[in-house]
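Now for the letters of each chain:
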Amino acid sequence: MTATHQDEFEALFDPANRAHPYQLYAALRERGPFSRLNGLVGVVGDHDTCSRLLRDPSMSSDRMHSLIGRANNSDAAATAEEGKRAPTVGFLSMDPPDHTRLRRLVSKAFTAKVIAELRPTIQGIVDELVAGVVEDGRLDVVPQLAYPLPVRIISGLLGVPIADHHRFEDWSRRLVRGLDPMAALGSKEELASIESARDDLSEYFFDLIARRRADLGEDLLSKLVLAEEQGDALTEAELVATCILLLVAGHETTANLIANGVLALLRHPDQLAALRANPALIDGTVDEILRYDSPVQLTTRVATEPTTLGSITVPTGGVVLMMLAAANRDPAVFADPDRFDITRDARKHLSFAAGAHFCLGAPLARLEASVALSVFARRIVNPVLAEDSLRYREHINLRGPEQLIVSFDQVLNS
Ligand code: HEM
């Protein structure tokens, strides 16, 4: 039987394919753009089209413009109007002028200078985390390195007490299920779980903000509270949505990048040896990991006018699904794309998207990953991957290992 777009697309949803989706992505990309859901969804996987669409102002990031999202979002919108909850998942899902206004406010906290100053803090946390595994002879990569580093950094930046981490971990993981394709069409239970996670996170931040008002500090939350109090730069609901966006975007993705990086390096010992021999290769290594195993595998936009993509036309209100992970292995842009090569120039990857919504946290994510992976390459002696320990999270979009265990002989002091 000949495989069809439908088969390959459906197969991406099958947890059995979570570990190895790249053949499916290749097949999707090679067949060109195709439609799903009676033409309401267009799926694209080639680099050129994805790159163009991400920069196209006629493509909206606001799911409320979508014929599919509108029905499911109407309850949330009604509650938001009552002022009780955050209206959206933040400016990630907004268009100009609101997107521009909110992004500008937050950008000040993420300049190259501010991020570069975090290096010693990041280094200190990585050293502390690695010191914690010296006696064990094994590293449980996700809970002992990949997850705690970004959580501690983003919590510190925002001013969220690190002790609250156990409270938001589950909410955050449930919330990002909402970024999977067709989440808007998920089962009632799944939608309820995503919504209740958003409600819990919103309440958490409403409460934290109330406490912070009485005791402003130097953190980002205090600065945003001040901006809210000094004028109409952002409403309280926008403030809460922005905090949720930063908290969730700031750690779920970076944890995947670090864990994917450890995995790729261990599966390619020659590349790990090259990095160990030449630490200056770290920046290229991080870009190659982002390309080779994208921490965010796809993103969506809503067409605000009929949009022709190859042989299909997405109608106004239709959704375009851009498979970033497929674009990142497009042979038209990356020679021998399935080869993991830390010396190639991988910077054209779309892992941080492109255009107006280009990832605001990209410099921070790069810095965290480069410090963590440099330490891993330099200090962990004879690391061996326990292949049978590898388990993936259920997420399709924010795809990454849930468990990844590495044994080693020794941890060098520096
Ligand atoms: C490896 C790590 C990361 C990856 C792969 C990643 C990926 C992305 C992607 C693909 C987008 C754009 C989505 C779209 O256009 O639809 C995005 C946006 C965003 N990211 Fe990241 N991200 C990472 C880390 C971070 C970190 C550490 C932060 C913050 C501390 C962050 C904050 C944001 C924000 C605020 C946006 C929204 C930007 C906008 O809409 O203007 N990200 N990210």
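Look up a bit, the structure's there.
Residues numbered from 1 in each chain as written. Predicted model: local features only at pLDDT ≥ 70, side-chain atom pairs only at ≥ 80, totals over all residues. Heavy atoms only, no water.

Visitor: I'm lost on the coordination of the iron atom of the ligand in this one. Help?
Guide: Protein coordination of the iron atom of the ligand is limited to a single donor, C359 (SG), which sits 2.3 Å from the metal. Within the secondary structure, C359 is located in the loop between helix 16 (324-327) and helix 17 (362-379). (Donors = N, O, S within 2.8 Å, 3.2 Å for Na, K, Ca; no water. Helix = DSSP H or I, 4+ residues; strand = E, 2+ residues; numbered from the N terminus.)

Visitor: Just checking my understanding: could you explain the site of the ligand for this structure?
Guide: Lining the immediate surroundings of the ligand are 27 residues, of which H99, R103, T299, H357 and C359 lie closest. At 2.6 Å from an oxygen atom of the ligand is found a side-chain nitrogen or oxygen belonging to H99. R103 places a side-chain nitrogen or oxygen 2.7 Å from an oxygen atom of the ligand. For the shell around the ligand, the element with the highest residue contribution is helix 13 (residues 236-267), accounting for seven residues. A breakdown of the residues in the shell around the ligand according to their chemical character gives 17 nonpolar, eight polar and two charged. (Near = heavy atom within 4 Å. Polar contact = N/O pair within 3.5 Å; in protein donor to acceptor, adjacent residues only side chain to side chain. Nonpolar A, V, L, I, M, F, W, Y, C, P; charged D, E, K, R; others polar.)

Visitor: Looking at this structure, I do not really get the environment of Y22. What am I missing?
Guide: By the secondary structure assignment, Y22 is in helix 2 (residues 22-31). Between the alpha carbons of Y22 and R329 there is a distance of 8.4 Å; along the sequence they are 307 residues apart. When near neighbours in sequence (up to four residues on either side) are disregarded, Y22 contacts Y292, D293, S294, Q297, A325, R329 and R399. Reaching out from Y22, the side chain makes a polar contact with the side chain of D293 at a distance of 2.8 Å. (Contact = heavy atoms within 4.5 Å.)

Visitor: Help me out: how do you make sense of the nonpolar core in this one?
Guide: Here is a general trend for soluble globular proteins: nonpolar side chains tend to be buried in one another's company. With 95 residues, the main nonpolar core has F110, I122, V126, L149, L158, L201 and F205 as its most contacted residues. With 17 residues, helix 13 is the largest single contributor of residues to this core. Each residue touching I122, except ones within four places of it in the same chain, is listed here: L149, I153, L364, L367, E368 and V371. Grouped together as the second largest cluster of nonpolar side chains are 17 residues, F34, V43, A325 and A326 included. (Core = buried A, V, L, I, M, F, W, Y, C linked by side-chain atoms within 4.5 Å. Buried < 20%, exposed > 50% of the residue type's maximum accessible area, 1.4 Å probe, protein only.)

Visitor: Explain the packing of aromatic side chains to me, please; I cannot follow it from the model alone.
Guide: Aromatic ring pairs are described here by two measures, namely the spacing of the ring centres and the angle between the planes. Going through the model one piece at a time under the given rule, you end up with eight aromatic pairs. Between Y22 and Y25, the ring centres sit 5.7 Å apart and the planes meet at 50°, which makes this aromatic pair tilted. Remark: Y25 and Y22 occur in helix 2; sequence separation between them is three residues, near one turn of the helix. Here Y22 matches Y25 in class, with each residue buried. Ring geometry for Y292 and F340: centres 5.0 Å apart, planes at 55°, overall tilted. Taken together, the positions of Y292 in helix 15 (residues 282-292) and F340 in the loop between helix 16 and helix 17 put the pair 48 residues apart, joining distant regions of the chain. (Phe/Tyr/Trp six-rings, centres within 6.5 Å; stacked < 30°, edge-to-face > 60°.)

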